[in-house]
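Reading the structure
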Amino acid sequence: MAALSNSTISDAKGTTDSGAVAPVRRRPLAPLESVNLTTRWALGLAFFVLFFAVWSFFTLGGYVSPTFLASPITMAEEGWMLFAKYNFLYDIGMTVWRVFGGFFLAAVIAVPLGIAMGAHKGVEAFLEPFVSFCRYLPASAFIPLLILWAGLGELQKLLVIFIGSVFQITLMVAVTVGSARRDLVEAAYTLGADSSGIVKRVLIPGAAPGIAETLRLVLGWAWTYVIVAELIGSSSGIGHMITDSQALLNTGQIIFGIIIIGLIGLVSDFAFKALNRRLFVWSAL
Amino acid sequence: MSQLAIQNVSRIFHGARGQQTQALLPIDFDVHENDFVTILGPSGCGKSTLLRIVAGLDYPTTGRVLLDGQPVEGPGADRGMVFQSYTLFPWLTVEQNIRFGLRERGMPKPEQQERCNFFIAKVGLRGFENHFPKQLSGGMQQRTAIARALANDPKILLLDEPFGALDNQTRVLMQELLLGIWESAQKTVLFVTHDIDEAIFMANRVAVFSARPGRIKTELAVDFPHPRHYTIKTSPEFMELKARLTEEIRAESMAAADH
């Protein structure tokens, strides 16, 4: 029997750093030197402050004509007007629904397809050249065709997002799944896994954090497609509001619309990141 | 009777530009039930290739491998394997890793749990059931890998330099752990290593590989009684065996360096 005292070697790596005091950083400006959390937030916030300061200086100081660029104050007022008088919340809701609707459709088709391509080289050889080709077709160039096919309704908007996202997700998922660690696959085979076990219980769980990261990235791109889709032939949405404001030379509303898009994008990105961290605790260890 | 029969197995690798590399010359080799055999050889001699062929992860150019009279045609749960690299599934906990093979074959949950607990205790990982592999030291990861392979109750356990990446002290403890498990629960073991001490300490039989193209150059019986204590490593008999194997390996390593 093993006459070995296990206590001597069963020290987990994680237990050694308890009670350790963080060393003082002496070279905060050296390359790759880390920054602490408070400084990080302060620096991030500082740039926003700087940005608004420069903007205010040029607009409120009278260096730029209000016709071309509204001041932050005008923008805030126009923003309030949008909500109070023009039911801007409805536009925001429409845009969000289009982004998530189109993105969801794309993900539902692209993720399984990408997994099939990554796992089976035959499927990859069959689809990869075509999908790679489609990836370079600009989604916005499809808008005239889509209007012809699907009219000016919601379906057309969703399809723009769909076309813009589906090929990107497919290829990125295929690469993530295809780059699975071969030694893990071999280990699973020696443990008695069959082909479907390898795909379901090795390739997919191993690729899951990468797939989630891909979705987060492409969701960001979907936001740029939705505005383009709404600039043409639309009667609602943030993009539609921006085109209307352009006709009235209302730069305050345009800028407010852009900022709202940025904020929603930021929030959804944060939410996505937080969800990924929760779902894939193991990959961040 | 021999449980594992390696018959006329050779392997030629084909390079990208049509050149051929003979990794293994035709090999005939038998392993008996409950035997502990180590394959000792310089790096790059093809010993891992032979083990991978037995595991079904690689295919021989000529010959065949029989396990209990049945030809090996691919990887399977009857040949458990422990790799040199850390191959625990990083998304599964220690316990889930050990249960992986049991789950694949559809064993009922309570039974899985029972077997898992047994082997966790056996490799001394109680208290770490819910840790992820990345939270463990290298030695603990390899102990989990051994438990994972054993939990499947394979007919033969294949180990490909499993302790090669560990520091010397941990490696010695792991050798004792594995030998202890083998002594308490008999199992056929084929263990590949380039470490002479390791090869002698654990084995009943050492097969020495030649430099590439690999073939089995010498076979040596190791007759120390079981259970073995680590102190035998300093006994004169051990030293004598070690000196002999050192000479054998040295000649092969030099041959390999000349290529």
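Rules used in this analysis
Residues numbered from 1 in each chain as written. Chains lettered and ligands numbered in written order. Predicted model: local features only at pLDDT ≥ 70, side-chain atom pairs only at ≥ 80, totals over all residues. Helix = DSSP H or I, 4+ residues; strand = E, 2+ residues; numbered from the N terminus. Rg over C-alpha atoms; globule rule 2.2 N^0.38 Å. Buried ≥ 20, exposed ≤ 12 C-beta atoms within 10 Å, placed from the backbone. Pairing = 2+ DSSP bridges. Axes fitted to C-alpha atoms, helices over the stretch in contact; angles between N-to-C directions. Domains from an automatic or database assignment. Contact = placed C-beta atoms within 7 Å. Nonpolar A, V, L, I, M, F, W, Y, C, P; charged D, E, K, R; others polar.

A separate point is the overall build of chain B. The number of helices and strands found in chain B is seven helices and 10 strands. Taking 18 Å as the expected radius of gyration for a compact globule of 259 residues, we find that chain B reaches 18 Å, a close match to that expectation. Projected onto its principal axes, the C-alpha coordinates of chain B cover approximately 55 × 45 × 35 Å. Here chain B holds 259 residues, and the buried ones make up 47% of them.

This next bit is on the sheet that holds strand β3 (residues 36-40) of chain B. The strands making up a sheet associate through backbone hydrogen bonding, with each pair oriented either parallel or antiparallel. All names here are of chain B. Sheet architecture is open: six strands sit in the order β6-β7-β8-β3-β9-β10, paired in mixed fashion. Of all the strands in the sheet, the pair left with one neighbour each is β6 (79-82) and β10 (216-221). Taken over all neighbouring pairs, the strand axes of this sheet differ in orientation by 15° on average, direction set aside.

Moving on, we get to the pairing of β6(B). Residues and elements named next belong to chain B. Of the two faces of β6, the one carrying R79 and M81 and the one carrying G80 and V82 are both buried. Here β6 pairs with strand β7 (residues 156-160) via four bridges, running parallel. Looking at β7, one finds that M81 is bridged to L158.

All names here are of chain A. Looking at the element boundaries, L217 is found in helix α8 (residues 195-231). For L217, a count of 15 C-beta atoms within 10 Å gives the class partly exposed. For the pair L217 and L113, spaced 104 residues apart in the sequence, the C-alpha separation amounts to 18 Å.

The extent of an interface is frequently quoted as the accessible surface area lost upon association of the parts. All names here are of chain B. Partitioning chain B into structural domains gives domain 1 (1-72 + 157-188 + 200-259) and domain 2 (79-153). Taking only C-alpha atoms into account, the centre of domain 1 sits 24 Å from that of domain 2. Across the boundary between the two partners, domain 1 contributes 19 residues, which contact 15 residues of domain 2. Secondary-structure elements contributing two or more residues to the side of domain 1 that touches domain 2 are α1 (47-55), β7 and α5 (168-184). Among the elements that take part in the side of domain 1 that touches domain 2, α5 stands out by supplying five residues, more than any other. The residue inventory of the side of domain 1 that touches domain 2, partitioned by class, reads 14 nonpolar, three polar and two charged.

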